[in-house]
Amino acid sequence: MMEELVRMVRITKRFSNVVANDSIDFTLYRGEVHGLLGENGAGKSTLMNILYGLYKPDDGEIYVEGRRVYINSPKDAIRLGIGRVPQLPELVESLTVAENLTVLLPGLHASSGLDYILEVARRYGISLDFDAIVYHLSFGEKHKIELIKGIVRGSKILILDEPTTMLSPWEVNSLFDCISKMRDEGRGIVFVSHRIPEVLRIADRITVLRRGRCVASVTRNEVDEHELVRLMIGTDIDRHTVRDRVELGEEVLRVEDLHVLDDMGGEAVRGVNFYVRRGEIFGIAGVAGNGQRELVEAITGLRDVSRGRILIKGEELSSPRRFRLYGSHIPDERIGLGLLPSFTVLDNIALTFYKNFSNNGFIKFNELKLHTERLVETYDVVTPSLGTLAGKLSGGNIARLILARELSSDKDLIVAVHPTFGLDIASTNKVRKLLLELRRKSAVLLVSEDLEEILQLSDRIAVMYGGRFVDIVEADEADPEKIGLMMSGVMGS
Amino acid sequence: MKVKMIHGLKIERREEPGLPARILLKVLAVILSFLFSAILFAISGIDPWYAYTLIFVRSFTYSGLAEITTKLIPILLCTVGLIVAFKAGIWNIGAEGQLLLGAVGATWIALFVDVYDPLRLPLALLVGMIFGASWALIPIILKVRLNVNEIVSTLMMNYVASGIVDYLVYGPWKGAREWGFPYTDKFPDTVWLPLIPGTRIHWPTLIFGVFSSIMVYMLFSKTVLGFEMKVCGQGRKIADYLGMPYGSRLMIAMVISGGLVGLAGVGEVCGVHRRLRYASSISSGYGYTAIIGAWLSGLNPLGSIPSAFLLAFLLTGRDIIQVSLGLPFATSNIFNGCILLSMLVVEALGRYRVRWGRWTI
C-alpha cells in the first residue's frame, strides 16, 4: 500500500469569469513521480500554485500526510516540506549564486549553512559556479539554482513547473537523474509539463487536465503517447510537420570570423563563420550558455563585435537600426524586451509598425487598430481588448503577441530565439508551420535548445559549444544522437 | 485574486482603475491631506474650521483668484515640461534651475543686448526658452553618453543655477538705481508682458501654457515622435532592440521640457518682477512644486491644468496662513507634503475595487 503524501479534494478556483480549476481531485504518493499533463491554460499551474500557497482555492480541501491543512502562503507550504521550482527563475539578478541560496538558511541548522547547500548540490550532481553573478548566467544555469532551492525546501514534496522547457537534452538527462534520486529517497514529485515523451519517461502516474478539469488519472503503464495526446487536446493531431523543398535565394546574412565578448569581458563567441540564404532555416543547436545569446545579440546589433564582421544583405552591420531595416527578432527575453508590459496590446504591435501607419509625423491609429485586430486574430492572441496592458496577458498570449508582431513584418531576415517556448501543442505547430512558410521569402536564423524543434525545422544545423560551431550539417544527414553528443561537448566534428 | 470582506464591504484586487475612479481617488487624496493639516492647525492652537474658511473665502474673491492664476502660470508651464521628460523616462528634477536660467536669458535680452525694440520681447521669450533648454540638455547628454544618473545631475544643477543668479544680481548685473539691493535695474517697458488690468496675470504666458498642455497631449497620443520618446523612455536596450534612436529622442524630450520650463522663468521676470532678483524670490520652488503637479495629473498633459490650479491655490493659501494666522512658513510646506503623501497612499488604494452591496467603486 502506497503512503499518501498529498490529497487535494474537489479544488475549485475561479478568476473573474474563468474557472481555472473545476473541482479537481489530485493525489500524490510517497516515492512517486506524478506527471501533471495539460496544455497552456489547462489549469496545471493554478493547481500547483494553490498547493504552494500562492492562491487560495475558492472551494475544496487539501490534506498533507492525512492531516487537513490550510496553506495561506508559500511560507506555510515550505513549513510542510513542499518545495517548488518555478518555470521562470525568480532570482535576485544582481547577487551571486551563493547569495541567492542564502534565502534557504533560515530553515537550516546555522552550523551547517551554506556547506550543507553545496553538499546537496554535489549529491544531486548539480554543478554551478557559486561565485558567479546571476545576471550573467544562462537560463539553464539559473534553473539549476531554483532546483537546489526546491530540493532543500521540498523535503517531502517537490513541484517542478515545466522544468525542461529551456534545457538541452543533456541537461534534461541530469535533471531526470536528480528526480529519480529524490524518488528513491521517498519524496513525492509533481512533474508539471506539456511534453508527453518526457512525462512518459519519468512519471509513475499521470494526471491529465483539460480546460480546468481532470480528464484522467492513470498509471504509466495504462497509456501510450497517442492516448495522452487525445486526452490532452481532445483530438489526435500530427506533431510532425512535413518539410518541403524551397528554392534557395541569395545570401542575406553572412558572419565572418566573429568574436564577441560577454558581460564579464570574457570571449563568449570565439570565431564563428556562417551564412544564411533566403529560402532556408539555419538552426543553431546548443546548450544554453555556449555563446548563443552573445551571437544573437551581436547579429541584431545589441552587442558590440570585438573582431570579425557581420554582413546583412552585403552591408556591414553598424547599428541596431541597420539590423531593424532588414530584420525582425524574436528575443529570448520576452517581457521587457520583446514586449513592454506597461504598454497596451495596440502599442506593443505598434512598436515595429508605427512608421508604416504614419503620415507627416502623425500615427494613423485607426488603420493601425484594424491591422492589430487582424494580427491578434490570426495569431490567436486572447485579450480582453486592444487597450489592455500587455503585462496582464498570460505567458502564452505574450509569446503569441510578440510572434504576431515580429513574424508579420515581412523582413528579409528573421532571427528567432526559442520561438515556441511556453506555447501549447496547437500554437507550437502553428508557429513551426509559419516559420517553414516564411522561409520562402526570408532567411531564418533559428536558435533553440529544443533539439526536436531544430531537427524538425532546420535546413542546415550548426551545433554550438564553447563559443564555436562544432559542426554545420545538412538536415537530411543530421543524426540526433550525434548532435546531442556534440552539444554536450563529448564529440567534436 | 485576493478578496477581503469587512462588514459587507468587499475589497478585491483589480487590474486598472477607470477614469472616474482615478479622479475620485485624487479628490480623496486632497480631502485626506486637508484632514491631516486640520490636525496640524489644531496643534498650533488655531481652529481648523476657521483657518479653512479664511483660506477659502479669501481665495475665491476676485483678487484671490487673480493671485492664484498668477501663480498657476509658472506651475502649469513647469508641470507640462516635466510631463514631457517623465514620459520619456527622464527624471528631470531640475525644473527649478531651468526656470532660473530662462529668467537669466530674458534678463540678458532685456537689459544688455542692443536690439530693435519691438523685437525685444519676442527675443526675450525665445532666448529664455533656449537657455532653459540648454541647461536641461547638459544632464541628458551626460546620461546618454556617460550614463550619469540624471536625478543627481539635474538636482545638483539647480544649486548651480541658483548660484549663477545670485552671482549676477549681487555682482555684475546689480542695478545702478537699486540702492545696493540685489536686483538688476528695472526692465524697459518694451520687454514687459501685458497684464490683465488690475492683476498680475501675464495672459500671453497663460495662454501659451494652456496651448502647450494641449500640444503635449497631441504629441504623445498622436505623433511618431511622441511614441518614440515614450518607447525610448523604457530604456536604451529596448530602443536598440527596436532600432529607435535612443539618444536623440531623449535629448529632444529634454529640450522641450527645459524650453517650457525656461519660458516659465521668462514669465516671472517679464510679467511679475520686471527685473531679475535673487534666486529664491524669482521662484518660490515652482520647479519642485511642478514635480507634484506632474504626478498629480497622472502624467496626463491635460490634467496639468487642474493640478496647477490646485497647487497655485495651496501656495496662495500658504500666504494667507502666514499673513493672517501668523503661522510659520514651514507649516504650509507640511501642508503640501501631506498632499503628496496622500497621493502616493491613495495611488496604492486604486489597485483595489470596493463593493458594498450593489455599489462598486
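Criteria and thresholds
- Per chain, residue numbering runs from 1 following the sequence as it is written.
- A letter from A marks each chain and a number from 1 marks each ligand, given out in the order of writing.
- Thresholds applied to this predicted model are a pLDDT of at least 70 for local features of residues and 80 or more for the giving and counting of side-chain atom pairs; totals over whole chains, interfaces and linings are not thresholded and use all residues.
- Helix and strand definitions follow DSSP, with helices as H or I runs of at least four residues and strands as E runs of at least two, each counted in order from the N terminus.
- Exposure is read from a count of other C-beta atoms within 10 Å of each residue's own; the residue is exposed at 12 or fewer, buried at 20 or more and partly exposed in between. C-beta atoms are placed from the backbone.
- By definition, residue pairs are in contact when their C-beta atoms, positioned from the backbone, come within 7 Å.
- Residue type decides the class: Asp, Glu, Lys and Arg count as charged, Ala, Val, Leu, Ile, Met, Phe, Trp, Tyr, Cys and Pro as nonpolar, and the leftover types, Gly among them, as polar.
- The span you would expect from a helix comes to 1.5 Å times its residue count less one.
- The term nonpolar core refers to a set of buried Ala, Val, Leu, Ile, Met, Phe, Trp, Tyr and Cys residues connected through C-beta atoms within 7 Å.

Asks: Before we go on, may I ask you to explain the environment of Tyr124 of chain A in this structure?
Replies: All names here are of chain A. Here Tyr124 shows up in the loop between α4 (113–123) and α5 (139–153). On the basis of neighbour count, Tyr124 is assigned to the partly exposed category, with 18 C-beta atoms found within 10 Å. With sequence-adjacent residues up to four places away left out, Tyr124 is seen in contact with Ile151, Cys178 and Lys181.

Asks: Explain the interface of chain A and chain B to me, please; I cannot follow it from the model alone.
Replies: Bring the parts together and some accessible area is lost; that lost area is often taken as the interface size. Each partner contributes residues to the interface: chain A has 22 residues there, and chain B has 16 residues. Secondary structure elements with two or more residues in the side of chain A that touches chain B: α10 (320–326), α11 (345–353) and β18 (362–363) of chain A. Tallying contributions element by element places α10 of chain A first for the side of chain A that touches chain B, with 4 residues. Of the residues in the side of chain A that touches chain B, the class split is 13 nonpolar, 5 polar and 4 charged.

Asks: Quick question: what am I supposed to make of unusual backbone geometry here?
Replies: Glycine aside, a negative phi is what most residues show, and trans is what most peptide bonds show. Phi at Glu65 of chain A takes a positive value of approximately 50°, unusual for a residue other than glycine. Along the chain, the position of Glu65 of chain A falls in the loop between β4 (59–64) and β5 (67–69). Of note in this structure, Leu299 of chain B is not a glycine but carries a positive phi near 60°. By the secondary structure assignment, Leu299 of chain B is in the loop between α12 (286–296) and α13 (304–325). The partly exposed category is assigned to Leu299 of chain B, around which 15 C-beta atoms lie within 10 Å.

Asks: What is the right way to look at α13 of chain B in this model?
Replies: Every α-helical turn comprises 3.6 residues, leaving residues that sit three or four positions apart pointing alike. Its 22 residues place the ends of α13 of chain B 30 Å apart at the C-alpha level, agreeing with the 32 Å of an ideal helix rising 1.5 Å per residue. Phi turns positive, to about 65°, at Gly326 of chain B, one or two residues after α13 of chain B.

Asks: Explanation requested: the nonpolar core in the structure shown.
Replies: Within soluble globular proteins, side chains that are nonpolar generally end up buried alongside one another. In terms of nonpolar packing, the biggest core is built from 171 residues, with Leu446 and Val463 of chain A together with Cys78 and Ala124 of chain B touching the most fellow members. With 13 residues, the single largest contributor to this core is helix α10 (residues 246–273) of chain B. Counting 58 residues, the second largest nonpolar core, distinct from the first, contains Val6, Leu28, Ala121 and Ile148 of chain A.

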